[in-house]
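Overview (structure and organization)
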Amino acid sequence: MFKSCEELQAKIDQYTKELESKFNGRDGKRYIMLCGGTGCIAANSLGIKEKFEECIRREGLEDQCEIRVVGCFGMCSQGPFVRIFPEDTLYCLVSEDDIEEIVERDIKGNAVVTRLLYEDPVTHERVAKMQDICFYRKQRRIALHGCGIIDPDRIEEALGCGGYRGLIKALSMSQQDVIKLILDSGLRGRGGGGFPTGRKWQFAYDQESDAKYVVCNGDEGDPGAFMDRSVLEDNPLAVVEGMAIAGYAIGAKEGYFYIRAEYPRAVARVRAIIRQAESLGLLGDNILGTGFSFRAHVRLGAGAFVCGEETALLNSIMGQRGMPRPRPPFPAVKGLWDKPTIVNNVETLATVPYILREGLEAFTQYGTEKSKGTKVFALGGKVRNVGLVEIPMGVTLRELIYEIGGGIQNDRKFKAIQTGGPSGGCLTAEFLDEAIDFDNMVAHGSMMGSGGAIVMDEDNCMVDVARFYMNFIRDESCGKCTPCRIGTKRMLEILDRITEGRGTMQDFDDLEDISSACKTNSLCALGQTAANPVLSTIAHFKQEYLAHIKDKKCPAKVCRNLFSYTIIAEKCKKCGLCFRNCPVECISGEPGKTPFVIDMDKCIKCGTCMSSCRFDAIVKE
Amino acid sequence: MAQLSKTAVEKIEGICDRHAAEPTPLIVILSDIQKEYGYIPLEVQEVVSRKTGISVAEIYGVVTFYSFFTLEPSGKYVIGCCLGTACYVKGSQKIIDQFSEILGIKPGETTQDGLFTLDALRCIGACAAAPAVSINGKIYARVKPSEVPNILAEYWKMGENAKEGTAHV
Ligand SMILES: Cc1cc2nc3c(=O)[nH]c(=O)nc-3n(C[C@H](O)[C@H](O)[C@H](O)COP(=O)(O)O)c2cc1C
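A few words now on the site of the ligand. Residue and element names in this part refer to chain A. Taken together, 18 residues surround the ligand, and among them Gly191, Asn217, Asn344, Asn345 and Thr348 come closest. In this structure, an oxygen atom belonging to the ligand sits 2.7 Å away from a main-chain N or O atom of Gly191. Coverage of the ligand by the protein chains reaches 88% of its 610 Å² of free accessible surface. Counting only elements with at least two residues in the shell around the ligand, the list comes to strand 11 (341-345) and helix 21 (525-528).

This paragraph deals with helix 16 (residues 397-404) of chain A. All names here are of chain A. Leu397, Glu399, Leu400, Ile401 and Ile404 are the residues of helix 16 that are buried. Buried residues in helix 16 make contact with helix 5 (134-137), strand 12 (374-381), strand 13 (387-392), strand 14 (414-419), strand 15 (425-428) and strand 16 (452-457). One or two steps after helix 16, the chain reaches Gly406, where phi turns positive at roughly 75 degrees.

With that out of the way, let us pick up the interface of chain B and chain A. Taken together, the contact between chain B and chain A spans 35 residues of the former and 53 residues of the latter. Regarding the contact of chain B and chain A, the summed buried area is about 3700 Å², with carbon and sulfur atoms giving 60% of it. Where chain B meets chain A, there are four salt bridges. Between Glu22(B) and Arg299(A) there is a salt bridge whose closest N-O contact spans 2.3 Å. For the pair chain B and chain A, the interface holds 21 residue pairs in polar contact (both at pLDDT 80 or more). Elements with a minimum of two residues in the side of chain B that touches chain A: helix 2 (26-37), helix 4 (56-65), helix 5 (85-88) and helix 6 (92-103) of chain B. Here the side of chain B that touches chain A is built from residues that sort into 20 nonpolar, nine polar and six charged.

A separate point is the sheet that holds strand 3 (residues 82-85) of chain A. Residues and elements named next belong to chain A. Judged by pairing direction, the sheet is mixed, and its four strands sit side by side in the order 2-1-3-4 without closing on themselves. Among the strands making up the open sheet, the edge pair consists of strand 2 (65-70) and strand 4 (89-91). When the angles between neighbouring strand axes are averaged without regard to direction, this sheet yields 20 degrees. Pairing between strand 3 and strand 4: three bridges, direction antiparallel.

To continue, consider helix 8 (residues 175-185) of chain A. Residues and elements named next belong to chain A. Restricting attention to buried positions, one finds in helix 8 the residues Val178, Ile179, Leu181, Ile182 and Ser185. Buried residues of helix 8 fall within an arc of 155 degrees about the axis and therefore sit on the same side. For helix 8, the secondary structure elements touched by its buried residues are helix 7 (165-171), helix 9 (197-206), helix 11 (236-250), helix 14 (346-358) and helix 15 (360-364). One or two steps after helix 8, the chain reaches Gly186, where phi turns positive at roughly 75 degrees.

Another aspect to go through is the side chain of Glu233(A). All names here are of chain A. Considering the arrangement of structural elements, one finds Glu233 in helix 10 (residues 227-234). A relative accessible area of 4% places Glu233 in the buried class. Dropping the residues within four chain positions of it, Glu233 is found in contact with Thr38, Pro152, Arg265, Ala266 and Arg269.

Before going further, it helps to examine the nonpolar core. Within the largest apolar cluster, 138 residues are counted, with the highest numbers of intra-cluster contacts made by Tyr164(A), Trp201(A) and Phe257(A). Tallying contributions element by element places helix 11 of chain A first for this core, with 10 residues. Setting aside residues no more than four positions away along its own chain, Tyr164(A) makes contact with Leu8(A), Ile12(A), Leu159(A), Leu237(A), Val240(A), Glu241(A), Leu282(A) and Leu283(A). Ranked by size, the runner-up nonpolar core spans 45 residues in total, among them Leu313(A), Phe472(A), Cys16(B) and Ile29(B).

Let us look at the pattern of salt bridges. Under the criterion given, the structure shown has 54 salt bridges over all chains. Here Asp507(A) and Arg497(A) are joined by a salt bridge, their closest N and O atoms 2.8 Å apart. In this pair, Asp507(A) is assigned in helix 20 (residues 506-521) and Arg497(A) in helix 19 (residues 482-499), connecting sequence segments 10 residues apart. Owing to a relative accessible area of 27%, Arg497(A) belongs among the partly exposed residues under this scheme. Notably, a salt bridge pairs Arg560(A) with Asp97(B), separated by 2.6 Å at the nearest N-O pair. Of this pair, Arg560(A) sits in the loop between helix 22 (532-549) and strand 17 (565-567) while Asp97(B) sits in helix 6, which puts the two residues in different chains. On the basis of relative accessible area, Arg560(A) is assigned to the partly exposed category, the value being 30%. Overlapping salt bridges bring together Lys22(A), Glu66(A), Arg68(A), Asp151(A), Arg154(A) and Glu157(A) as one network.

Residue and element names in this part refer to chain B. Taken across its six residues, strand 1 (residues 77-82) has five buried, putting it largely inside the fold. Bridging between strand 1 and strand 2 (residues 116-121) involves six bridges; their strand directions are parallel. Bridge assignment links Cys81 to a residue of strand 2, and that residue is Ala120.

Our next topic: the domain arrangement of chain A. The domain boundaries assigned to chain A delineate domain 1 (29-85 + 89-128), domain 2 (162-363), domain 3 (374-457), domain 4 (462-551) and domain 5 (564-620). Relative placement of domain 3 of chain A and domain 5 of chain A: their C-alpha centres are 38 Å apart.

This part covers the packing of aromatic side chains. Summed over the entire model, instances satisfying the criterion amount to 20 aromatic pairs over all chains. Ring geometry for Phe305(A) and Phe472(A): centres 4.9 Å apart, planes at 75 degrees, overall edge-to-face. A residue pair is termed long-range when its members are at least 10 positions apart, and Phe305(A) in the loop between strand 10 (292-300) and helix 13 (310-317) and Phe472(A) in helix 18 (residues 462-476) qualify at 167 residues. Summarising the burial analysis for this pair, Phe305(A) and Phe472(A) share the class buried. Both rings, one in Tyr77(B) and one in Tyr155(B), keep their centres 4.9 Å apart while their planes meet at 65 degrees; by these two values the pair is edge-to-face. Residue Tyr77(B) is found in strand 1, and its partner Tyr155(B) is found in helix 7 (residues 148-168); the two are separated by 78 residues along the sequence. One exposure class covers both Tyr77(B) and Tyr155(B), and it is buried. In this structure, Arg229(A) packs its charged tip against the face of Tyr263(A), placed 5.4 Å from the ring centre. A cation over an aromatic ring shows up here: Lys375(A) above the ring of Phe377(A), its NZ or CZ 5.8 Å from the ring centre.

Definitions and cut-offs
- Residues numbered from 1 in each chain as written.
- Chains lettered and ligands numbered in written order.
- Predicted model: local features only at pLDDT ≥ 70, side-chain atom pairs only at ≥ 80, totals over all residues.
- Heavy atoms only, no water.
- Near = heavy atom within 4 Å.
- Polar contact = N/O pair within 3.5 Å; in protein donor to acceptor, adjacent residues only side chain to side chain.
- Areas by Shrake-Rupley, 256 points an atom, 1.4 Å probe, with all protein chains shown as cover.
- Helix = DSSP H or I, 4+ residues; strand = E, 2+ residues; numbered from the N terminus.
- Buried < 20%, exposed > 50% of the residue type's maximum accessible area, 1.4 Å probe, protein only.
- Contact = heavy atoms within 4.5 Å.
- Buried area = accessible area lost by both parts, 1.4 Å probe.
- Salt bridge = Lys/Arg side-chain N within 4 Å of Asp/Glu carboxyl O.
- Nonpolar A, V, L, I, M, F, W, Y, C, P; charged D, E, K, R; others polar.
- Pairing = 2+ DSSP bridges.
- Axes fitted to C-alpha atoms, helices over the stretch in contact; angles between N-to-C directions.
- Arc of directions from axis to C-beta.
- Core = buried A, V, L, I, M, F, W, Y, C linked by side-chain atoms within 4.5 Å.
- Domains from an automatic or database assignment.
- Phe/Tyr/Trp six-rings, centres within 6.5 Å; stacked < 30°, edge-to-face > 60°.
- Lys NZ or Arg CZ within 6 Å of the ring centre and 35° of its normal.

Right, dumping it as structure tokens:
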């Protein structure tokens, strides 16, 4: 139990030294880090760890090595990783079979296993250090500070990596000064809305009330985004600390984490860190003898996207159906149990300790005039380097996609990048040199969103993508208000018609009518923004819609009713591979005798035949 | 309607007691029950209602609002096809269609033998593994439609073995 800030500070200094000595080798050991992110675990990180331990034991190197699974390294498409200190060598796409060689050549021989280093997609050079890899070069880690560095289950490591220095600093300041600092930093909400965090805190501070609450929004509903999960899993103490700072600033004694139930590991990590923090006196009554008391609780989401909306979220914490209610009153005035409540996103809260710890300039040196700092994106889709990236705002889309993302997979042509998930929009090649920040993205008809960034290439059909998002929103509409409940259903029906080849020109007008009704009349932003993906794809890809409606063709050959597979008789070698691979047995013919034929009535357009044919005898048209 | 056993009732009441100190405990209670039993039928809701004083109507409203709570048990193997955007743009719709076609059930349904439930998931955060499928927590990466029958065969076999195992007991 730490009784004072000085006592904690002394311990933090010790932990910091200990952690540093792992990385600079002063502890006399090689430090081997493995990525414990979901992607790498799925790709056998743990099997690799076992194999490593076995080799180390067999070679009698236990005293000279320490192996740890830490949080996500971010560059998911290159995992599983092995990172070795003090040299700081990063091995990519490692398999169990590579471990013997790593132990032999690197751990024992102090040489680098070149073939396992990252290969730059442009120069084809092998790169040994993380910070020299194109994916990491432009990144700056503020919200992700400590992620992929510390062992998230050990609070000592979080404390040794800057943890709680922000709160110590805050506790030495007045509440109003903390709020002023956050205001001056220009920090805006990372949950998508971009509302100035300091202003929100000021509203809540100004309320007279016997109880106030801080809520951390960890519902992360955007399908295709996992930034918040990564922070919660990989450095949960940073979010706890951010929440405690917010609590101190507005005068709250209690905080709630609202985390989606689909993230069991994040839930477990947050719970574990709260317990450890309580036992050390870093949460609870009279924290560090300062008179400030703060407790944190965990509540689970239960699978409803709309619960990411703040008033719905509060209803859900209060045990009700997660439906939004009209604002005002805003939660800062009337929130949980009618008490003043601030709702902040995970990434927002994780950024707060940095600002206190490192100071204003350390934060404002990054970003653009009105969007300070950094933003985490989950970069996915058709880029080479898929993963989590944290970039200073102001970085251009081109830098994000072509430098960090390493360009489009299989050298296909870039078509669009969708940000903001189901509420957002897409931007095309002509916008590639635009800077990423809150206002600039909106100015060009998209939005920053909470961090999903999906890259699409020429093989993606934009009408189909629009239909995908509308289907999502229709499913997730809570049903409370009519424009959203019925509007999203009608818009989906229209998009279904178009993608099935039954669309008419009237559908354009109807989409426009319904979307404007949804926008102006829905209760919450879910309905208000529901049509954004449709409107933005119509704006940039009208020709593609027209091809579906007028020519009954899907140019990207995605919409099933609008293309077919054909076996070219002259090219067919009658090998029968397609016939054997077809999952619905719709291909007929006799191996070695006649060319094969596809029965289009039964074909489900899965494309297995085309990818199995070795003679390019099957075409999609 | 099936009668709940006395121990089942006691267990549910125990879960309610555990959260009695919470100001608004309903969802926490239901989460625990869902975790313990795999579903929350009406009989169970009635027990919760009696114990907490919250009306069955309200409880039913909450259970049916959240997709995580179910009124019916799921299959032995829950196949979750990720339909997050990153998986979708890489063809995950074809994968779920394939499962659906072979099993003869729609997403959200369970096969009659109780072996499989097919679910459409929203982003499991394994975007580098797109299209990804998760079966009882095990993740299959970069799944192709042609691999689906083999994946299913693996579980059919496990299901068969398990059945034989119990037959001998
Ligand atoms: C339909 C809908 C879903 C939302 N989902 C999330 C979410 O998953 N995570 C999040 O932080 N904010 C989400 N928001 C925004 C929240 O309402 C709220 O603005 C945010 O949590 C405030 O925190 P911030 O200011 O730190 O961004 C959502 C809003 C809407 C309308």
